[in-house]
Amino acid sequence: MSDVTTLAETAVSAGTDLPPELSVVIPVHNEAANIGALLDEVCAALRGRISFEIVVVDDCSSDQTPAILRQCRAAMPELRPVRHRRNAGQSMAVLSGVRAARGPVIVTLDGDGQNDPADIPALWQVLQSAPDGGAGLLLAGHRVKRRDSAIKRLSSRIANGVRSRLLGDSTPDTGCGVKMLHREFFLRLPAFDHMHRFLPALVLRMGGTVRSVPVNHRPRGGGSSHYGTWGRLRVGLVDLLGVMWLKRRWRDCGGIEPL
Ligand SMILES: Nc1nc2c(ncn2[C@@H]2O[C@H](COP(=O)(O)OP(=O)(O)OP(=O)(O)O)[C@@H](O)[C@H]2O)c(=O)[nH]1
Ligand SMILES: [Mg+2]
């Protein structure tokens, strides 16, 4: 059975009557120290404002994350946790969450609490007031005041500078975990490990538009970072070449029409 089938079945079995307006997708790996509080914050930010679900994708955590998610699910009807059978990384977890989502609009958040769910309603308003309900629009969070170490801020600034120059994506902060876009549009993007850092370029390649929106950023609550500075830069370079190739090899047919 394919992953897609499995997740689609999970969606149906966990589903309630009407699909929500918004699916909050959160990839997690060993975030036991953070995920419970983050889920409470999402509910506090959205209940009574937007109908929503929270799809948390656990990527084979070895800590208490799955147990905490099971516990939260009992008290949180909006929560639909799913689990990868094998560890596959942050991008694949986001993709699995988007596939499993039932809402037409997705917002992604990091699972370590660095992103602030209180930003979601403002992003929602921006998307709703865009032409076409924001069908081809990516809202990319911009962490104006980063709460990371100096070395991380510096390496991120260099990476963003090189990336935006080579890809022309005019996005100051592609690595921010806060992204909002239509589910159907996300699923048209090419999928690969670490694609989550290149969403603006991938969206522009498909004829979409990108708008950066300032968002809050907070220090990591507990647990530990998943990425080392050099590892991230090295992989980022290979991915950058890959995305440049993808951009060059795309040809736009302008859509299809009946003959
Ligand atoms: N599903 C899944 N999620 C991951 C994996 N690696 C990281 N994540 C999640 O992706 C998000 C971002 O990872 P972080 O480790 O916070 O990366 P970061 O924000 O650059 O690093 P810190 O500033 O140290 O937190 C968090 O929600 C992680 O749990 C993974 O292998 N699988
Ligand atoms: Mg983080």
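Everything quoted here is computed from the prediction, not taken from an experiment.

A.B. asks: It is not clear to me how the overall build of the protein chain should be interpreted in this structure. Could you clarify?
C.D. replies: Along the backbone of the protein chain there are nine helices and seven strands. Over its C-alpha atoms the protein chain spans a radius of gyration of 18 Å, differing by no more than 12% from the 18 Å that the globule rule assigns to 259 residues. A burial count over the protein chain gives 41% of its 259 residues as buried. Once local pairs closer than 6 in sequence are excluded, the contacts in the protein chain between residues at least 24 apart make up 84%.

A.B. asks: Is there a simple way to explain helix α3 (residues 65-75) in this structure?
C.D. replies: Since the α-helix packs 3.6 residues into each turn, any two residues three or four apart lie on the same face. For α3, every residue scored as buried is listed here: Thr65, Ile68 and Leu69. Mapping the buried residues of α3 onto a view down its axis gives an arc of 100°, with all of them on the same face. Exposed residues lying more than 90 degrees from the buried face of α3 are Ala67, Arg70, Gln71 and Ala74. Contact partners of the buried residues in α3: β1 (22-28), α2 (35-46) and β2 (52-58).

A.B. asks: Please clarify how the site of ligand 1 should be interpreted in this entry.
C.D. replies: Taken together, 20 residues are adjacent to ligand 1, and Asp59, Ala93, Gly111, Ser225 and His226 come closest. Secondary-structure elements contributing two or more residues to the shell around ligand 1 are β1 and α4 (90-100). For the shell around ligand 1, the residue count by class is five nonpolar, nine polar and six charged.

A.B. asks: Would you take a moment to explain the nonpolar core for this structure?
C.D. replies: The nonpolar side chains of a soluble globular protein tend to be buried, and buried together. In this structure, Val24, Ile54, Val56 and Ile106 are the most contacted members of the largest nonpolar core, which totals 55 residues. Residues in contact with Ile54, not counting those within four places in the same chain, are Val24, Ile26, Leu39, Val42, Glu78, Leu79 and Arg80.

A.B. asks: Just checking my understanding: could you explain unusual backbone geometry for this structure?
C.D. replies: Residues apart from glycine generally show negative phi values, whereas peptide bonds are mostly found in trans. At Asn30, a position not held by glycine, the phi torsion is positive, near 55°. Residue placement: Asn30 occurs in the loop between β1 and α2. Take Asn30: there are 20 C-beta atoms within 10 Å of it, and that puts it in the buried class.

A.B. asks: Is there a simple way to explain the pairing of strand β6 (residues 179-182) in this structure?
C.D. replies: Strand residues, when the strand is regular, have side chains that alternate between the two faces of the sheet. Relative to β6, strand β4 (residues 105-108) is paired through four bridges, and the arrangement is antiparallel. Paired with Val105 across the two strands is His182, which belongs to β6. As defined by bridge partners, strand β5 (residues 137-143) adjoins β6 across two bridges and the pair is classed as antiparallel. The residue of β6 that forms the bridge with Ala140 is Lys179.

A.B. asks: Mind showing me how you'd approach the environment of Val144 here?
C.D. replies: Relative to the helices and strands, Val144 is located in the loop between β5 and α6 (150-167). With 12 C-beta atoms counted inside 10 Å, the residue Val144 sits in the exposed group. A C-alpha to C-alpha distance of 24 Å links Val144 and Gly208, two positions 64 residues apart in sequence.

Calculation notes
- Position labels on residues start from 1 in each chain and follow its written sequence.
- Chain letters and ligand numbers both follow the written order, the letters beginning at A and the numbers at 1.
- Whole-chain, interface and lining totals are the exception, using all residues; otherwise, since this is a predicted model, local features are given only for residues with pLDDT of at least 70 and side-chain atom pairs are given and counted only at 80 or more.
- A run of DSSP states H or I qualifies as a helix once it reaches four residues; a run of E qualifies as a strand once it reaches two. Both are numbered from the N-terminal end.
- Two things to know: the radius of gyration comes from C-alpha atoms, and the globule rule equals 2.2 Å times the number of residues to the power 0.38.
- The burial criterion counts other C-beta atoms lying within 10 Å of a residue's C-beta, which is placed from the backbone; the residue is buried at 20 or more, exposed at 12 or fewer, and partly exposed between these limits.
- Think of it this way: build a C-beta for each residue from its backbone, and any pair within 7 Å is a contact.
- Think of it as the arc spanned by the lines of direction from the helix axis to the C-beta atoms.
- Residue proximity rests on one test: whether the C-beta atom, placed from the backbone, lies within 6 Å of the molecule or strand.
- Only Asp, Glu, Lys and Arg are considered charged, only Ala, Val, Leu, Ile, Met, Phe, Trp, Tyr, Cys and Pro nonpolar, and every remaining residue, Gly among them, polar.
- By definition, a nonpolar core groups buried Ala, Val, Leu, Ile, Met, Phe, Trp, Tyr and Cys residues that are joined through C-beta atoms within 7 Å.
- Think of it this way: DSSP has to see at least two bridges between two strands before they count as a pair.

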